[in-house]
Amino acid sequence: MGVVIPQVVSEDRAGGAQVIDGGLRFVSGNSQYLNRTPSTAGNRKTWTWSAWVKRTNLGYQPIFVARSGGEYHYLDFETNDEIGFRSYSGGWQMDLQTTAKYRDPSAWYHILINVDTTAATSSNRASIYVNGTKVTTLNTATYPSQNADLIINTTYEHNLGRFPVANDYGNFCLSNVYFIDGQQLDPSYFGFTDPLTNTWRPKKLSSSVAFGTNGFYLPFDGSAPIGQDQSGRGNNWTPVNFGGSTALDKATGALPILNTDGGGKVARVGVRTDSNASSLVLALPLVGIKSDFSNAINSGTSNKAITLVGNTSASSTQSMFYGGSFYFDGNADCIDVAASSDFSFGTG
């Protein structure tokens, strides 16, 4: 079963000092992937995709794929562990394959691909970056023609972890997946070189960067249901085969706040319907984050500011839902909710 795995990658792992808040593991044997079909095409000439990827198996692994019929555009690990970045529509629109092989299963690789087919110089129209460095030594280097419209960002089916032509699935972990529609960004927007260790670390994208029509951000760090876009654009993805659906109508007197699968262990996009939603003023899933979700259930209330006091902290040791909870050690720990008129109970 697919799980969101909060973790810290230590200095001796990940090939250096990268810190990853969490990751979503894909298991090919379970046919796990995420899927989205945009309702509107975005900018097919210019975009950026960025993610941290940790391999769990070597050999061929599909990572990011758009496809309809015999047209497809994809990023993958090749059979011999190179990175491939290709687009096909009646012939190869572009075909990039690294010479370097990426075979360290303990490493988190930051992989960034970007395109701008309006560029005058062909080699600037599509690029692969790994850990902040542009890959210039390539086995194959066929660049898009100027002003070409590529397959990604169409209204075709888009997948993470699946190549639908042959129903191939991936084995890897993904974290901090960004897609920027309409801008060709370099890795400095998503990471930086640590001056103490000279290693590449992730950083949060500046709020000044516009995501564009089909842009999305999937942190996969346990802070939100799998597939829920955190960019503010609402471009959610559908998780497939990350746990079977389980009825929870009599879950020991309690009900989950977020939609769930896997017996309440896997959070899904969205919140449960509630016959008493209009009376709800506070909803704390308390899975990895402290946030209140009451406004998502009852539009007549607002999300409350939540403050953790003392040593109150997220825990994955015990849980009823989502595989997480918050831990209180008994030394004046508490969760403080900001004052609100919603909490005025009145009389009667």
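Residues numbered from 1 in each chain as written. Predicted model: local features only at pLDDT ≥ 70, side-chain atom pairs only at ≥ 80, totals over all residues. Heavy atoms only, no water.

## Here's the deal with the confidence of the model for the protein chain
For any part of a model where pLDDT is low, the fine detail of the predicted coordinates should not be relied upon.
Here comes step 1: Summary statistics for the protein chain give a mean pLDDT of 83 and a share of 79% for residues scoring 70 or more.
Here comes step 2: Scored below 50 in pLDDT, residues 244-253 makes 16 contacts in the model with residues more than four places away or belonging to other chains. (pLDDT = per-residue confidence, 0-100. Contact = heavy atoms within 4.5 Å.)

## Structural notes on the pattern of salt bridges
Here comes step 1: Counted by the stated rule, this structure contains nine salt bridges.
Here comes step 2: Three or more residues are tied together by salt bridges with common partners; here these are Arg55, Asp81 and Arg103. (Salt bridge = Lys/Arg side-chain N within 4 Å of Asp/Glu carboxyl O.)

## What to know about the packing of aromatic side chains
Here comes step 1: Using the criterion set out here, one finds 18 aromatic pairs in the structure.
Here comes step 2: Between Tyr33 and Tyr169 the ring centres are 5.9 Å apart and the planes differ by 40 degrees, which places this aromatic pair in the tilted class. Pair noted here: Tyr33 is in strand S3 (residues 33-36) and Tyr169 is in strand S15 (residues 168-169), with a separation of 136 residues, a long-range link. Here Tyr33 and Tyr169 have matching classes, each one buried. (Phe/Tyr/Trp six-rings, centres within 6.5 Å; stacked < 30°, edge-to-face > 60°. Helix = DSSP H or I, 4+ residues; strand = E, 2+ residues; numbered from the N terminus. Buried < 20%, exposed > 50% of the residue type's maximum accessible area, 1.4 Å probe, protein only.)

## Some points on the pairing of strand S2 (residues 22-26)
Here comes step 1: With four of five residues buried, S2 lies mostly within the body of the structure.
Here comes step 2: The sheet contact formed by S2 and strand S16 (residues 172-181) spans three bridges and is antiparallel. Of the residues in S16, the one forming a bridge with Phe26 is Phe172. (Pairing = 2+ DSSP bridges.)

## Here we look at the sheet that holds strand S6 (residues 71-77)
Adjacent strands of a sheet pair through backbone hydrogen bonds, lying either parallel or antiparallel.
Here comes step 1: Within the open sheet, the eight strands sit side by side as S12-S8-S7-S6-S5-S13-S3-S20. Their pairing is antiparallel. On the outer flanks of this sheet lie strand S12 (138-142) and strand S20 (238-240), each paired with one strand and no other. Across the sheet, the axes of successive neighbouring strands diverge by a mean angle of 15 degrees, strand direction being ignored.
Here comes step 2: Pairing geometry for strand S5 (residues 61-68) and S6, over seven bridges, is antiparallel. Residue Arg67 lies in a different strand from S6, and its bridge partner there is Tyr72. (Axes fitted to C-alpha atoms, helices over the stretch in contact; angles between N-to-C directions.)

## What about the side chain of Asp116?
Here comes step 1: The topology assignment puts Asp116 in strand S9 (residues 108-116).
Here comes step 2: Of the side chains with opposite charge, Arg125 lies nearest to the buried Asp116, which makes no salt bridge, at 8.0 Å.
Here comes step 3: Looking at Asp116, its side chain comes within polar contact range of the side chain of Thr46, at 3.1 Å.
Here comes step 4: With sequence-adjacent residues up to four places away left out, Asp116 is seen in contact with Lys45, Thr46, Asn124, Arg125 and Gln184. (Lys, Arg positive; Asp, Glu negative; His and termini not counted. Polar contact = N/O pair within 3.5 Å; in protein donor to acceptor, adjacent residues only side chain to side chain.)

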